[in-house]
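Each chain, written out:
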Amino acid sequence: MTDAGSTHERWGQPGSPVAELTRRVDRFVRGRVIGYEPVLDAGGPTAAAVLSELRAAARDEGLWALPLPAELGGGGLSFGDYARLAEVEGASDHGPAALGSAPLLDVTMLARHGGSRVREEYLEPLVAGEVRTCYAMTEPDVPGTDPFLTSTRAERTADGGWRITGRKWFTSGAAVADLVTVMARTGGEVGDRAGLSLLLVPTGSPGFRIVRELPVLGAPGQFEMELDRVRVPADHLLGEPGGALAIAAERLALGRTLRCLRWLGQAQRAFDLMCERAATRRGSGGPLADHQLVQQHVFDALLALRTTRPLVHEAVDLIAAGQDARTEVGLAKVAAARMLQQVTDSAIQVHGAAGLGPDTPLPALFRTGRAARILDGPDELHVTAVARRVLRRYGPGPAPRG
């Protein structure tokens with residue numbers, strides 16, 4: 001299962017601690033998590049019990065919360081090292097939750113921008129898996145790529161806190177979250193570039209309500225929520241008033257790169273299934289693997305994986321070094337989303353009717369690939385942003401970084 005990438009690319013330097021850790025995570029996800037996917041996908045009490053068992057097993061095997069800070073109970077891996085195993089962990093959508101790395105974005109954001117009370121009250125429970133979080137930025141009937149049109153508003157209360165009113169949607173995991181980070185307007189008017197802030201909202205607060213679930217191509221997990229004069233303490237503001245866009249950009253760069261890594265893992269899984277099918281399925285004309293059109297699918301999928309992985313890890317390296325990675329993240333996000341859709345489409349084609357049914361994960365993987373081209377910024381946004389940034393290098397004036 002290393003044909004879609006070199007050993008060094010996929011596992012790290014052979015014999016290194018990261019390479020061995022990656023193999024252990026791979027065994028855990030393939031041997032434990034994947035078999036429970038139908039139960040976990042269904043949700044409910046049974047899924048919660050299974051997830052709890054998987055998390056206990058991850059702790060027992062020393063695989064819990066590997067990229068989270070050691071002082072908070074995590075494994076302390078650097079982002080660069082974690083990126084090597086994020087692919088195999090993300091081969092299942094449930095891998096990060098089962099292994100405790102799912103809150104990496106929120107832990108990073110709260111550690112960097114939360115006040116002392118937020119850090120003391122929430123960080124350790126987040127790392128321990130006792131508190132769940134989500135992030136609410138987009139709003140109904142508003143382009144998700146244009147945060148300046150945010151109309152959710154947070155107003156000061158007499159005690160110095162905040163009162164939030166508005167509606168958000170396509171928020172992942174909102175129905176089970178204990179905390180939601182909400183982008184709201186604390187100043188200015190709709191359309192203004194200034195005045196946007198991030199506030200951490202406990203979902204048990206009066207006035208917080210889940211409006212409905214929003215299945216994505218039939219898959220559960222996204223929700224619409226309403227905040228009706230929800231009271232939030234003053235110290236639950238992240239960063240400074242009006243500082244949301246800088247924090248959101250930082251979060252999005254890391255989040256998009258993490259998604260790309262997980263999409264690589266899911267594409268690798270589809271590639272493996274395709275090759276196994278081609279090698280073992282026989283018809284009257286012999287094995288599928290002997291057909292040139294099947295070989296074309298294998299070649300094209302392998303090429304897509306091999307050419308996408310370096311783009312993703314280029315973004316990883318720049319983020320790990322604290323450098324501007326906007327161009328690299330944009331390239332990686334578009335390439336990885338397209339690649340996942342392409343590879344899973346080929347795997348479905350090689351499986352035939354079996355690839356459309358419930359006996360393989362291919363329909364779910366294809367759905368993820370198609371949704372990936374819209375969620376976290378549509379292809380068009382990244383294509384335009386990257387092209388403009390590159391073209392400015394050739395115009396008058398100093399060339400921008402990134």
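The following paragraphs examine the structure supplied in this document. (Residues numbered from 1 in each chain as written. Predicted model: local features only at pLDDT ≥ 70, side-chain atom pairs only at ≥ 80, totals over all residues. Heavy atoms only, no water.)

1. What to know about the packing of helix α2 (residues 17-33) against helix α5 (residues 79-89)
Okay, so step 1: Following both chains from N to C, one finds α2 and α5 inclined at 20°, their axes separated by 8 Å at the closest point. Taken together, α2 and α5 sit at an angle that is classed as roughly parallel. Our pair here, α2 against α5, has a crossing hand that is right-handed. Here α2 contributes Val18, Leu21, Thr22, Val25, Asp26 and Val29 to the contact with α5, which in turn contributes Asp81, Arg84, Leu85, Val88 and Glu89. (Axes fitted to C-alpha atoms, helices over the stretch in contact; angles between N-to-C directions. Helix = DSSP H or I, 4+ residues; strand = E, 2+ residues; numbered from the N terminus. Parallel < 35°, antiparallel > 145°, perpendicular 65-115°, else oblique. Left-handed = near helix turned anticlockwise from the far one by under 90°. Contact = heavy atoms within 4.5 Å.)

2. Some remarks on the packing of helix α11 (residues 326-351) against helix α12 (residues 362-372)
Okay, so step 1: Close contact between α11 and α12 brings their axes to 8 Å; oriented N to C, the two are set at 150°. As far as their axial angle goes, α12 and α11 are roughly antiparallel. As for the relative orientation of α11 and α12, their crossing is left-handed in sense. Contact with α11, carried on its side by Lys333, Ala337, Leu340, Gln341, Thr344, Asp345, Ala347, Ile348 and His351, involves Leu362, Leu365, Phe366, Thr368, Gly369, Arg370 and Ala372 of α12 and no other residues of that element.
Okay, so step 2: Class assignment of the residues belonging to the contact of α11 with α12 gives a composition of eight nonpolar, five polar and three charged. (Nonpolar A, V, L, I, M, F, W, Y, C, P; charged D, E, K, R; others polar.)

3. Comments concerning the pairing of strand β4 (residues 179-185)
Okay, so step 1: When you tally the buried positions in β4, you get seven out of seven residues, the bulk of the element.
Okay, so step 2: Side chains of β4 alternate between two faces, with Leu179, Thr181, Met183 and Arg185 and Val180, Val182 and Ala184 buried alike.
Okay, so step 3: Two elements, strand β1 (residues 133-136) and β4, share four bridges in a ladder whose sense is parallel. By the bridge assignment for β4, Tyr135 is matched with Thr181.
Okay, so step 4: The pairing of β4 with strand β5 (residues 196-202) spans seven bridges and is antiparallel. In the strand pairing of β5, Arg185 is matched with Leu196. (Buried < 20%, exposed > 50% of the residue type's maximum accessible area, 1.4 Å probe, protein only. Pairing = 2+ DSSP bridges.)

4. Details of the pairing of β5
Okay, so step 1: The element β5 is extensively covered by neighbouring structure, given that six of its seven residues are classed as buried.
Okay, so step 2: With two bridges joining them, β5 and strand β8 (residues 237-238) adopt antiparallel strand pairing. Following the sheet pairing, Leu198 is matched in β8 by Leu238.

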